[in-house]
Amino acid sequence: MEHEKAQTLLSDYIEGDLDKEMASELESHLDQCSECRTVLESLQKLMGVVRAMPPVRVPENFARRVRRRAYRAGLFGPASARSSRRMTAPFVGMWATWGLMLAIGLVLVIVFIAQHQIEILSERGQLIVSAQPAELEYLQGSARELGLKISPARGDQDALIILVPKDRWKDLYEQLKSHSVDKLIPSTAPEPDQKGIIHLLVLESSDG
Amino acid sequence: MCLTAYGFESYSPRVAYEISRDETELLAALRRGEPKAFEQLVKIHQDRVYGLCLRMMSSRSEAEDLAQEVFITVFKSIDKFRSESRLSTWIYRITRNHCLNRIKFLKRRAAGKKIPLDTAKNMGWGAQTTVDPVASRVQRPDRLVEGRQMEEIIQEQIASLSEDHRELVVLRDLEHLSYEEIQEITGLARGTIKSRLHRARMDLAKRMAPYLSEE
């Protein structure tokens with residue numbers, strides 16, 4: 001076997017992809033050619049370490065971030081949103097119960113805005129929004145950008161309380177609207193409390 | 001119950017494969033645009049999609065951005081999937097194309113903005129520099145290095161290969177795909193894949209030589 005040809009067959013030889021006859025010819029050449037033996041050895045070493053590389057692990061919360069991006073990209077139309085909501089109804093109920101307990105137990109009215117696919121409970125100065133995880137995360141980011149005070153609802157890392165001064169409500173709404181998430185909150189703020197603060201409690205409605 | 005489909009590729013005979021019932025149901029739900037199906041799709045394929053992106057791009061932020069894009073593209077184009085290949089292979093093909101497009105884009109941008117060479121090289125899409133950043137980190141590059149350090153070295157050296165070499169090393173030696181799958185993903189003939197992969201390995205072996213030699 002010619003030296004050049006032998007060199008091109010080394011990968012196939014390592015992978016066991018040569019027929020018997022060809023493998024035997026190559027082995028005869030290897031017996032006589034130290035250069036080819038050196039190359040074979042280095043390829044074997046290389047493939048050994050490369051193939052032993054551990055698989056890559058996806059970053060934490062990757063799935064959640066993809067989902068948020070998908071929502072922001074408007075991937076799921078109203079029909080699919082309705083479908084999703086029906087499937088997660090028991091979870092919505094559970095979160096709403098938690099929300100009621102955590103929000104000082106003062107919720108008076110439950111308003112379901114069908115076209116927005118969200119659940120809103122409100123009273124004077126307080127608005128409770130049940131949002132999809134992606135929306136919740138985005139709302140949190142927007143509020144942070146506006147310098148609003150955000151605190152996690154007690155004992156629940158997926159629920160937020162955002163304190164929105166009356167005069168900042170419009171900013172928050174506009175920022176969300178500019179990213180096509182105006183379905184998250186109503187366009188008009190509830191009446192603020194006596195200190196002029198709207199307590200926006202956002203609950204995660206489902207985590208998939 | 002399984003469905004059988006047949007792939008059509010000019011460079012290979014028809015390949016029969018089976019679609020599991022789960023995959024059939026997942027495809028149907030994806031075609032209905034169900035968010036839950038999207039989440040399931042991500043769960044099933046996230047490791048391999050992200051892994052391929054990371055191996056190709058050598059940057060975690062680029063890899064994550066790309067992987068997200070891939071899933072959105074897959075969801076949007078699911079109607080174009082004709083079951084002529086495995087769903088995973090089709091997703092891989094989209095991932096590979098996204099990676100190559102991004103590399104091209106970054107190269108163009110680097111050319112326009114004159115990104116420093118070391119940055120470009122670390123990203124795996126720039127010109128080669130004479131100083132090896134890995135060698136400068138390893139105190140005794142003539143010694144066999146191990147563990148995590150070795151992983152980093154391999155990753156950096158793979159990133160320094162040309163794209164057409166890199167993708168084959170990644171698909172075959174890191175992702176352990178069969179030649180048939182690589183044919184479907186890259187559209188290359190089997191002979192081309194084998195000869196190119198061999199050249200890629202030879203190139204990589206040369207770059208890795210200082211770290212693989214025995215004490």
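Residues numbered from 1 in each chain as written. Chains lettered and ligands numbered in written order. Predicted model: local features only at pLDDT ≥ 70, side-chain atom pairs only at ≥ 80, totals over all residues.

Colleague: Can you explain the confidence of the model for chain A? Please cite residues and give values.
Modeller: Residues and elements named next belong to chain A. When pLDDT is averaged across chain A, the result is 72; 60% of the residues are at 70 or more. Segment residues 78–90 is flagged for pLDDT under 50; beyond a separation of four residues in sequence, or across chains, it makes 13 contacts in the model. Scored below 50 in pLDDT, residues 108–121 makes 29 contacts in the model with residues more than four places away or belonging to other chains. (pLDDT = per-residue confidence, 0-100. Contact = placed C-beta atoms within 7 Å.)

Colleague: Which residues make up helix α10 (residues 190–212) of chain B, and what values go with them?
Modeller: Maximal helix bending in α10 of chain B amounts to about 40 degrees, located at Lys206 of chain B; proline Pro210 of chain B follows within four positions. Within α10 of chain B the residues assigned to the buried category are Lys194, Leu197, Ala200, Arg201, Leu204, Ala205, Met208 and Tyr211 of chain B. (Bend = angle between axes of the 7 residues up to and from the residue. Helix = DSSP H or I, 4+ residues; strand = E, 2+ residues; numbered from the N terminus. Buried ≥ 20, exposed ≤ 12 C-beta atoms within 10 Å, placed from the backbone.)

Colleague: Describe the confidence of the model for chain B, and please don't skip the residues or the numbers.
Modeller: All names here are of chain B. Confidence in the prediction of chain B, expressed as mean pLDDT, is 78, and 72% of residues score 70 or more. No element of chain B has a lower mean pLDDT than strand β1 (residues 3–9), at 28, and none a higher one than helix α8 (residues 163–174), at 95. Scored below 50 in pLDDT, residues 1–17 makes 30 contacts in the model with residues more than four places away or belonging to other chains. Here the predicted complex carries an ipTM of 0.73, next to a pTM of 0.60.

Colleague: Tell me about the interface of chain B and chain A, and name the residues and values.
Modeller: Taken together, the contacts link 33 residues of chain B with 33 residues of chain A. At the level of secondary structure, the elements contributing two or more residues to the side of chain B that touches chain A comprise α2 (35–57), α3 (60–76), α7 (147–159), α8 and α10 of chain B.

Colleague: Before we move on, could you go through the nonpolar core and cite the residues and values that matter?
Modeller: Judged by nonpolar contacts, the single largest core of 54 residues is most densely connected at Leu41, Tyr50, Cys53, Ala67, Phe71, Val74 and Leu204 of chain B. When residues of this core are assigned to their parent elements, the largest contribution, 11 residues, is made by α2 of chain B. Those residues within four positions of Tyr50 of chain B in sequence are excluded, and the remaining contacts are Val56, Val58 and Phe62 of chain A together with Ala63, Glu64 and Ala67 of chain B. Formed by 11 residues, the second largest nonpolar core is a distinct cluster that contains Tyr138, Ala143, Leu160 and Ile198 of chain A. (Core = buried A, V, L, I, M, F, W, Y, C linked by C-beta atoms within 7 Å.)

Colleague: Residues and numbers for unusual backbone geometry, please.
Modeller: Its identity as a non-glycine residue notwithstanding, Asn61 of chain A has a phi of 65 degrees, on the positive side. On the secondary structure map, Asn61 of chain A appears in the loop between α4 (34–51) and α5 (62–72). The backbone of Ser58 of chain B sits at a positive phi, close to 60 degrees, despite the residue not being glycine. Inspection of the secondary structure assignment puts Ser58 of chain B in the loop between α2 and α3.

Colleague: I'd like a rundown of α5 of chain A, residues and numbers included.
Modeller: Within the span of α5 of chain A, buried status applies to Phe62, Ala63, Val66, Arg67, Arg68, Ala70 and Tyr71 of chain A. Two residues or fewer after α5 of chain A comes Gly74 of chain A, characterised by a positive phi angle close to 65 degrees.

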